[in-house]
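Observations on the model geometry
What follows is each chain in one-letter form.
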Amino acid sequence: MSARLEVADIFRRHGEAYRQVNIGHLGRVERRTMSAIELCRTAELGGHVEGCRSCGAIRVAYNSCRNRHCPKCQGQASREWLAARQDELLPVAYFHVVFTLPAEVAAIAFQNKAAVYAILFKTAAETLRTIAADSKHLGAEIGLIAVLHSWGQNLHYHPHLHCIVPGGGLSLDGTRWISCRPGFFLPVRVLSRLFRRLFLEELRAAHDAGRLGFFGDLAHLAEPDAFARLRAKVRRLEWVVYAKPRFDGPEQVLAYLGRYTHRVAIANSRLISMDDDRVAFRWRDYRQGGKTKIMMLDVHEFIRRFLLHTLPDGFHRIRHYGFLANGHRAARLDLCRRLLASPRQDALEPDAESVAVAVEPLATAHRCPGCGGSMITLAIWRCGQVPPRPFWSDTS
């Protein structure tokens, strides 16, 4: 068993055979993702040679692929994103609301990722903002960050949206901050029913406009009558919207966002072993209270499940709405702070945990792993070039 097993190792060993078996069934995004992960932090992508000013140690650092599906590349991306978000957090409780799709709709989503994911974002945000603006509930304009995930712990396809929402909002006339009740944000049953109605309306509009494609077992849904029957069926189901326990402050929100925003289908830390034709990994069975189990998959099935979760080119999996929308975020947040009569978030002293999440990895990135001295760049080579000797045999 290797403690350092990575998704890249699996792709390098079995990826070419998987491509050959599935020739004609892999799209451009899947092929590019596999190639990027295989080459990540190898000499083929280029890199640089560093030397320690203090002890003279030499090391080679290879470039990252920066593919958003690569488990090794998301740590830095997450830290950079979090650093930009720290000043945007308000000194209020935050809530976590999750929107999921029924299996029948998830099947359509898999064949129409860009169209259905866009509908999921739009209708989930509209649901939260509509119910929050209702005077019977909160009567306020809220803001939210929405993050798309498409996987469960066992890597099966399970599209759902995580929404992080401040516990309150601006009055509709913009003159005061309205806080939600302690420990309670909005009624999930009301959210669920409005979400179901809005989503099915948008899905029908997309079908009528010819923006959905259907293949294989779903080919019959191209017919209006068959699609109408499916809509009627899923309209009778209870769509799952649930709220997790609230966050008690900005530090908890940062720590959570650091885990969720740039997560990929499976982290390297969950991998246990790989042999000739099987991969073992840890997963949590939430039907049994989150019990940790070991799953063993055929290696081609593991690759197939991993690739289920690739995103269409250019699709944004993190989006902002309400007073957190990109177009007016700074001005609306400034108004929120003034109405809350609190100092700016950057004037608050963060606790040790939030500093470690956002700052420490960046500060130590160019320190010698042996003596802690300062590392300087000695040589650089680009993608496709031969690394400079005598450093070729060194490892990063």
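The structure presented is a predicted model; accordingly, all values stated were derived computationally and were not measured.

**Quick word on the overall build of the chain**
The number of helices and strands found in the chain is twelve helices and 14 strands. For the chain, the residues scored as buried account for 50% of the 396 residues in total. Long-range pairs, those at least 24 residues apart, make up 72% of the contacts in the chain between residues at least 6 apart in sequence. Counting every atom, the chain has about 19800 Å² of accessible surface; 51% of that belongs to carbon and sulfur.

**Comments concerning the sheet that holds strand β2 (residues 58-62)**
Reading across the sheet, the three strands line up as β2-β1-β14 and stay open at both edges, with antiparallel pairing between neighbours. In the strand order of this sheet, the two ends are held by β2 and β14 (375-381), each with one partner. Strand-to-strand twist across the sheet, computed as the mean angle between neighbouring axes with direction ignored, equals 25 degrees. Summarising the sheet, strand β1 (residues 47-52) and β14 pair through six bridges and their orientation is antiparallel. Across the sheet, the residue bridging to G51 is I376, located in β14.

**Some words on the sheet that holds strand β9 (residues 241-247)**
Taken in spatial order, the five strands make up an open sheet running β9-β3-β6-β5-β13, and their pairing is antiparallel. On the outer flanks of this sheet lie β9 and β13 (318-322), each paired with one strand and no other. Strand after strand, the sheet turns through a mean of 25 degrees between neighbouring axes, direction not considered. With seven bridges connecting them, strand β3 (residues 94-100) and strand β6 (residues 157-166) associate as antiparallel partners. Its bridge partner lying in β6, V97 is registered against C163.

**What to know about the pattern of salt bridges**
For the coordinates displayed, the defined rule picks out 19 salt bridges. For D276, the salt bridge identified is with R13, shortest N-O distance 2.8 Å. Residue D276 is found in the loop between β10 (271-274) and β11 (278-285), and its partner R13 is found in helix α1 (residues 7-21); the two are separated by 263 residues along the sequence. According to the relative accessible area criterion, R13 is partly exposed, its value standing at 45%. Across the salt bridge formed by E301 and R305, the nearest N and O atoms sit 2.7 Å from each other. In this pair, E301 and R305 both sit in helix α9 (residues 299-307), four residues apart, roughly one turn of the helix.

**Let's talk about the layout of surface pockets**
A volume near 1400 Å³ is recorded for the largest pocket. Mapped by element, the contributors of at least two residues to the lining of the largest pocket are α3 (74-85), α4 (103-111), β5 (143-151), β6, β9, α8 (250-260), β11 and α11 (352-358). Counted by class, the lining of the largest pocket contains 20 nonpolar, 17 polar and eleven charged residues.

**A short note on empty space enclosed by the protein**
Taken as a whole, this structure holds two cavities of 30 Å³ or more when the rule is applied. Roughly 120 Å³ of internal volume is contained in the largest cavity. Taken together, 14 residues form the lining of the largest cavity, with H69, W151, V264, A265 and H309 sitting closest to its centre. Looking at the lining of the largest cavity, the element that brings in the most residues is β5, giving four residues.

**Here we look at the pairing of β1**
Residues in a regular strand point their side chains to alternate faces of the sheet. Within β1, six of the six residues are buried, which leaves it mostly tucked inside the rest of the structure. With burial as the criterion, each face of β1 is covered, one bearing G47, V49 and G51 and the other bearing H48, E50 and C52. Pairing geometry for β1 and β2, over five bridges, is antiparallel. The residue bridging H48 from the neighbouring strand is A61, located in β2. Counting the residues that bridge the hairpin from β1 to β2 gives five residues, and of these G56 lies at a positive phi of roughly 80 degrees.

**Some thoughts on the environment of A8**
Residue position: A8 is located in helix α1. Spatially, the C-alpha atom of A8 lies 9.9 Å from that of R41, the residues being 33 residues apart in sequence. When near neighbours in sequence (up to four residues on either side) are disregarded, A8 contacts I37 and K72.

Conventions used here
Residues numbered from 1 in each chain as written. Predicted model: local features only at pLDDT ≥ 70, side-chain atom pairs only at ≥ 80, totals over all residues. Heavy atoms only, no water. Helix = DSSP H or I, 4+ residues; strand = E, 2+ residues; numbered from the N terminus. Buried < 20%, exposed > 50% of the residue type's maximum accessible area, 1.4 Å probe, protein only. Contact = heavy atoms within 4.5 Å. Areas by Shrake-Rupley, 256 points an atom, 1.4 Å probe, with all protein chains shown as cover. Pairing = 2+ DSSP bridges. Axes fitted to C-alpha atoms, helices over the stretch in contact; angles between N-to-C directions. Salt bridge = Lys/Arg side-chain N within 4 Å of Asp/Glu carboxyl O. 1 Å grid on protein atoms, 1.4 Å probe; cavity = no way out; pocket = protein on both sides within 12 Å on 5 of 7 lines; lining within 4 Å. Points joined across faces, edges and corners; volume = space filled by probe spheres on them. Nonpolar A, V, L, I, M, F, W, Y, C, P; charged D, E, K, R; others polar.

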